[in-house]
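Analysis of the macromolecular model
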Amino acid sequence: MALEYRAWQDGDDLELLQLWGGPESSPSEQFRGSFRPSSEEPWNRCITALDQGIPVAAGFAYETALHPERLWCYVEVAADHRRAGVGSTLLTMLRHEAAASPSGVTALRSKVQPGTSGAAFAESTGFTTIQRSRVIVVKPGALAAPRFEDASGPQLEEAATGSVELTQAVAAFYTAVHGWDRAEMTLGRAQNLLLADATGAGGAVVLRDKPKSDGGSIAAFAVSYTSARTDAPADVLLGYDTSLPASEQEAAVASLLAMLVHTYPVQLEVDDSMTALVNVVEPLLAAGSAVEAAPATFVVAG
């Protein structure tokens, strides 16, 4: 009997989760929370596949203001219905819906982890990798702590997560390292998405190229999303001024990271586009002073 396809309805998730079981990857777990009825503002389409009236698969595509040039999409099919064209049918239907979206954006993106059914499906349907992201834990003492003894040289200081200067630095960094998927990161979005209390941001430190009183600007910053320092790695966003010469970017990142891990470990999300950060942590990974805490996540587009 042929499957029926219809718009997502409230309650579909309860039936689907019973068939799907636990998520096979962190992207799957994240995306499962995005299933919802279709809407026009923001634009979202979500379709459910039913076998004799029972939901067995679903997929969605939706737009975001932050990354406007591609739609996020995700398709998941119950294990006993895979390799029968159900996922491909859902994807084709979502592409058809996207072609009629008000924004006119039709390009899709998703996230996968190697070795999963999601990665195999993405490859089979023509999606290609546009970015790799890794969660890396840097161990205590991985880098020698620098000394800031020159009163006219680089300075380390605490920063308020609500400060305009820090928000500007965060927004500029985010925009610069997302050239592969253009971002419209305004100051308001940077504050709401990365620095507001609701995000869990508990504190920040900045490294200036010279004292603020002498016109020093932020060369690198770190925002912690872990409220207390413990033996467990603190979750940290580490960024830098991408307008600096490459050698100065790396020096600033290394100095700030060294201070962060002087006593405790930290956990960083490192995209390959964060060149200076990658160049600092790769030797640490090779030396065993840092480890990948989870399978890499790939952003794929098609």
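Up top is the structure.
Residues numbered from 1 in each chain as written. Predicted model: local features only at pLDDT ≥ 70, side-chain atom pairs only at ≥ 80, totals over all residues. Heavy atoms only, no water.

Each helix and strand counted, the chain has 8 helices and 14 strands in total. By principal-axis analysis of the C-alpha atoms, the chain measures approximately 75 × 40 × 30 Å. Buried positions account for 44% of the 302 residues belonging to the chain. A sequence separation of at least 24 residues applies to 70% of the contacts in the chain between residues at least 6 apart. Each charge class in the chain can be summarised by its mean position, and for the 20 positive and 36 negative side chains these summaries are 2 Å apart. (Helix = DSSP H or I, 4+ residues; strand = E, 2+ residues; numbered from the N terminus. Buried < 20%, exposed > 50% of the residue type's maximum accessible area, 1.4 Å probe, protein only. Contact = heavy atoms within 4.5 Å. Lys, Arg positive; Asp, Glu negative; His and termini not counted. Charge placed at Lys NZ, Arg CZ, Asp CG, Glu CD.)

A volume near 1,300 Å³ is recorded for the largest pocket. In this structure, the largest pocket is lined by 42 residues; those nearest its centre are Gln30, Lys111, Tyr174, His178 and Glu269. Counting residues per element, the lining of the largest pocket draws most heavily on strand β7 (residues 128-138), which supplies 5 residues. Partitioned by chemical class, the residues of the lining of the largest pocket number 24 nonpolar, 11 polar and 7 charged. What the second largest pocket holds in volume is close to 590 Å³. Val75, Glu76, Ser117, Gly118 and Phe121 are the residues nearest the centre of the second largest pocket, which is lined by 39 residues in total. If you list the elements that add at least two residues to the lining of the second largest pocket, you get α1 (12-20), α2 (26-32), β5 (71-77), α3 (86-99), β6 (108-112) and α4 (117-124). (1 Å grid on protein atoms, 1.4 Å probe; cavity = no way out; pocket = protein on both sides within 12 Å on 5 of 7 lines; lining within 4 Å. Points joined across faces, edges and corners; volume = space filled by probe spheres on them. Nonpolar A, V, L, I, M, F, W, Y, C, P; charged D, E, K, R; others polar.)

Bringing the pairing of β5 into the picture now. Buried residues dominate β5, accounting for 7 of its 7 residues. Burial of the side chains of β5 extends over both faces: Leu71, Cys73, Val75 and Val77 are buried on one face and Trp72, Tyr74 and Glu76 on the other. Pairing geometry for strand β4 (residues 54-62) and β5, over 6 bridges, is antiparallel. Within β5, the residue paired with Ala57 across the bridge is Val77. Pairing of β5 with β6, which is carried by 2 bridges, proceeds in the parallel orientation. Counted as the bridge partner of Trp72 is Arg109 from β6. The β-α-β motif built from β5, the intervening α3 and the parallel element β6 has right-handed crossover chirality. (Pairing = 2+ DSSP bridges. Right-handed = clockwise from strand over helix to strand, strands pointing away.)

Moving on: the packing of aromatic side chains. By the definition in use, this model includes 11 aromatic pairs. Taken together, a centroid distance of 4.9 Å and an interplanar angle of 15° make the contact between Trp8 and Phe35 stacked. Taken together, the positions of Trp8 in the loop between β1 (4-7) and α1 and Phe35 in the loop between α2 and β2 (39-40) put the pair 27 residues apart, joining distant regions of the chain. When sorted by exposure, Trp8 lands in the same class as Phe35, which is buried. Through successive ring pairs, a cluster of aromatic residues spans Trp8, Trp20, Phe31, Phe35, Phe60, Tyr62, Trp72 and Tyr74. The aromatic ring of Tyr62 is capped on one face by Arg36, whose charged end is 5.0 Å from the ring centroid. For the cation-ring pair, Arg109 lies above Trp72, with the distance from its terminal atom to the ring centre recorded as 4.5 Å. (Phe/Tyr/Trp six-rings, centres within 6.5 Å; stacked < 30°, edge-to-face > 60°. Lys NZ or Arg CZ within 6 Å of the ring centre and 35° of its normal.)

Attention shifts here to the nonpolar core. Core analysis: the biggest nonpolar cluster contains 50 residues, and Val138, Phe221, Tyr240, Leu257, Leu268 and Leu277 have the highest contact counts within it. Listed in part, the 34 residues of the second largest apolar core include Ala49, Val56, Leu94 and Val112. (Core = buried A, V, L, I, M, F, W, Y, C linked by side-chain atoms within 4.5 Å.)

This next bit is on helix α8 (residues 275-287). When the terminal C-alpha atoms of α8 are compared, their 19 Å separation across 13 residues agrees well with the 18 Å that a helix rising 1.5 Å per residue should span. Among the residues of α8, those classed as buried are Ala276, Leu277, Val278, Val280, Val281, Leu284 and Leu285. (Expected span 1.5 Å × (residues − 1).)

This paragraph deals with the side chain of His178. Considering the arrangement of structural elements, one finds His178 in the loop between α5 (164-176) and α6 (187-195). Polar contacts involving the side chain of His178 include one to the main-chain carbonyl oxygen of Tyr174, which spans 2.8 Å. Apart from residues lying up to four places away in sequence, His178 is in contact with His67, Ala183 and Asp271. (Polar contact = N/O pair within 3.5 Å; in protein donor to acceptor, adjacent residues only side chain to side chain.)

With that out of the way, let us pick up the pattern of salt bridges. Enumeration according to the criterion identifies 15 salt bridges in this entry. The partner of Glu69 in a salt bridge is Arg182, and the shortest N-O contact between them spans 2.7 Å. On the criterion of sequence distance, the pair formed by Glu69 in the loop between β4 and β5 and Arg182 in the loop between α5 and α6 is long-range, its members being 113 residues apart. You can call Arg182 partly exposed: its relative accessible area is 35%. A single network of salt bridges, built from pairs that share partners, joins Arg132, Arg134, Asp272, Glu282 and Glu292. (Salt bridge = Lys/Arg side-chain N within 4 Å of Asp/Glu carboxyl O.)

All right, on to unusual backbone geometry then. Negative phi values dominate among residues other than glycine, just as trans dominates among peptide bonds. For the bond running from Glu41 to Pro42, omega is 0°, close enough to zero to count as cis. Among the secondary structure elements, Pro42 is positioned in the loop between β2 and β3 (43-51). The phi angle at Gln52 is positive, at roughly 55°, despite the residue not being glycine. Secondary-structure assignment places Gln52 in the loop between β3 and β4. Within the chain, Arg83 stands out as a residue other than glycine whose phi angle is a positive 60°. For Arg83, the position within the fold is in the loop between β5 and α3.

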